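Listed here are the chains, written in short residue letters.
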Amino acid sequence: MDSAPQSVFFDRYSRQVLFSGIGQRGQERLTCGSAVVVGCGAIGASTAALLARAGVGRLRIIDRDFVEPSNLQRQSLFDESDARESLPKAIAAVQKLRAINSAIFIEGIVADLTPNNIEELLSGFDLILDGTDNFETRLLINDFAVKCNRAWIYAAAVGSYGVTMTIRPGTTACLACLLEDDRSFTGVEETCDTIGVLGPVVQLISSLESAEALKLLAGKEDSLHGRLVSCDVWSGRFQSVAAPRKADCRACARREFSYLEGAAQPHVTMCGRDSVQIHERSRALDLAALGARLGPSVESVRHNEFLLRFRVPPYEMTVFADGRAILKGSQDPAVARSLYARFIGS
Ligand SMILES: [Zn+2]
């Protein structure tokens, strides 16, 4: 009877243990392994779910946003009640992941990853997984990963196209090797908010990302393919190319971590089409008190324990407990700053 918990454990993961690439030793390593998922939208949510099911022992989910109805077409961890309640994605995701696997440690953090908090949020994990939606944050993760010699997996999807690569500093190319060529990377890109995105390409890319994560966390580095994989689920075009390191790469050769230093980090940033994020200062807000104060002067004030939302037509502002806010209805930083100062305070 002493072996009962062991046998329950191996029964749960038996199909993975039977797979020769993982085996019993690999499963034990997954159980002791940890991963942090940055951004829990479409790719992040699916990747987190696959790793939770696979039994990765410790998962941290970081996300700055809340669930909206337009997410449900592709963000597989969320449902209509999450959108009705405007739950932060990190909170909604953790609820679902705990129901999927109660035997692992899972935590959700509602935050925007910045140069100021990246060390606190990403340190101590075996692997960093990309679930973000922008290159600014990816290059920030890349700087941190290269500096700390930590593996991370780049993953992105837009339209019907997706791309992923496992980055092992010092061994493979890094994201700066891929993106920052002599023509200089401008950061201008198509986004899901401008040209849309299909659920199937999200699932495909998150599957590729998760498989690489399982290899790394199970200690099967020899099985990593080391290639930049891209695919288009509409045209059926799949490509896998070797991505060489750049001899004079800013990050992995010259070790200039400009994103980590964050000198150019603006305090008001674009956050999807027709919305901006304000994160000028970090402070703890009493959302209930703020809601009571705002009640007479704005429309449709609602709050839960994580965020408060109100309307000042044609704008809608969502304020998080850490003082951050997302303004919908404008792309103008000046409008965002002015509304923030007027209703939340400066
Ligand atoms: Zn590099």
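Computed from a prediction, not measured in an experiment: that's the story for all the values here. (Residues numbered from 1 in each chain as written. Predicted model: local features only at pLDDT ≥ 70, side-chain atom pairs only at ≥ 80, totals over all residues. Heavy atoms only, no water.)

1. Observations regarding the confidence of the model for the protein chain
Item 1. Mean pLDDT over the protein chain works out to 89, with 92% of the residues at or above the 70 mark.
Item 2. Here residues 183-188 is a poorly scored stretch, pLDDT under 50, and it has four contacts once near neighbours within four places are set aside; other chains count. (pLDDT = per-residue confidence, 0-100. Contact = heavy atoms within 4.5 Å.)

2. Points about the environment of Ala 92
Item 1. As for its placement among the helices and strands, Ala 92 is situated in helix α6 (residues 89-100).
Item 2. The spatial distance from the C-alpha of Ala 92 to the C-alpha of Lys 220 is 32 Å, given a sequence separation of 128 residues. (Helix = DSSP H or I, 4+ residues; strand = E, 2+ residues; numbered from the N terminus.)

3. A word on the pattern of salt bridges
Item 1. Using the criterion set out here, one finds 13 salt bridges in the structure.
Item 2. Put simply, Asp 143 and Arg 250 hold a salt bridge, and the shortest N to O gap is 3.1 Å. Of this pair, Asp 143 sits in helix α8 (residues 135-148) while Arg 250 sits in the loop between β8 (238-242) and α12 (258-261), and the two are 107 residues apart along the sequence. Judged on exposure class, the residue Asp 143 and its partner Arg 250 are both buried.
Item 3. The partner of Asp 322 in a salt bridge is Arg 324, and the shortest N-O contact between them spans 3.6 Å.
Item 4. Owing to a relative accessible area of 26%, Asp 322 belongs among the partly exposed residues under this scheme. (Salt bridge = Lys/Arg side-chain N within 4 Å of Asp/Glu carboxyl O. Buried < 20%, exposed > 50% of the residue type's maximum accessible area, 1.4 Å probe, protein only.)

4. Thoughts on helix α3 (residues 23-32)
Item 1. For α3, every residue scored as buried is listed here: Gly 23, Gly 26, Gln 27 and Leu 30. Along the axis of α3, the buried positions cluster into a sector of 100°, meaning they face one direction only. Counted as exposed and oriented over 90 degrees from the buried face of α3: Arg 25 and Cys 32. (Arc of directions from axis to C-beta.)

5. Observations concerning the coordination of the zinc ion
Item 1. Looking at the metal site, the zinc ion is ligated by Cys 174 (SG), Cys 177 (SG), Cys 249 (SG) and Cys 252 (SG), spaced 2.3 Å from it.
Item 2. The sequence motif formed by the donor residues of the zinc ion is C-x2-C-x71-C-x2-C. Taken together, the residues span a long stretch of sequence, with Cys 177 in helix α9 (residues 175-179) and Cys 252 in the loop between β8 and α12 at a distance of 75 residues. With respect to burial, Cys 177 and Cys 252 carry one shared label: buried. (Donors = N, O, S within 2.8 Å, 3.2 Å for Na, K, Ca; no water.)

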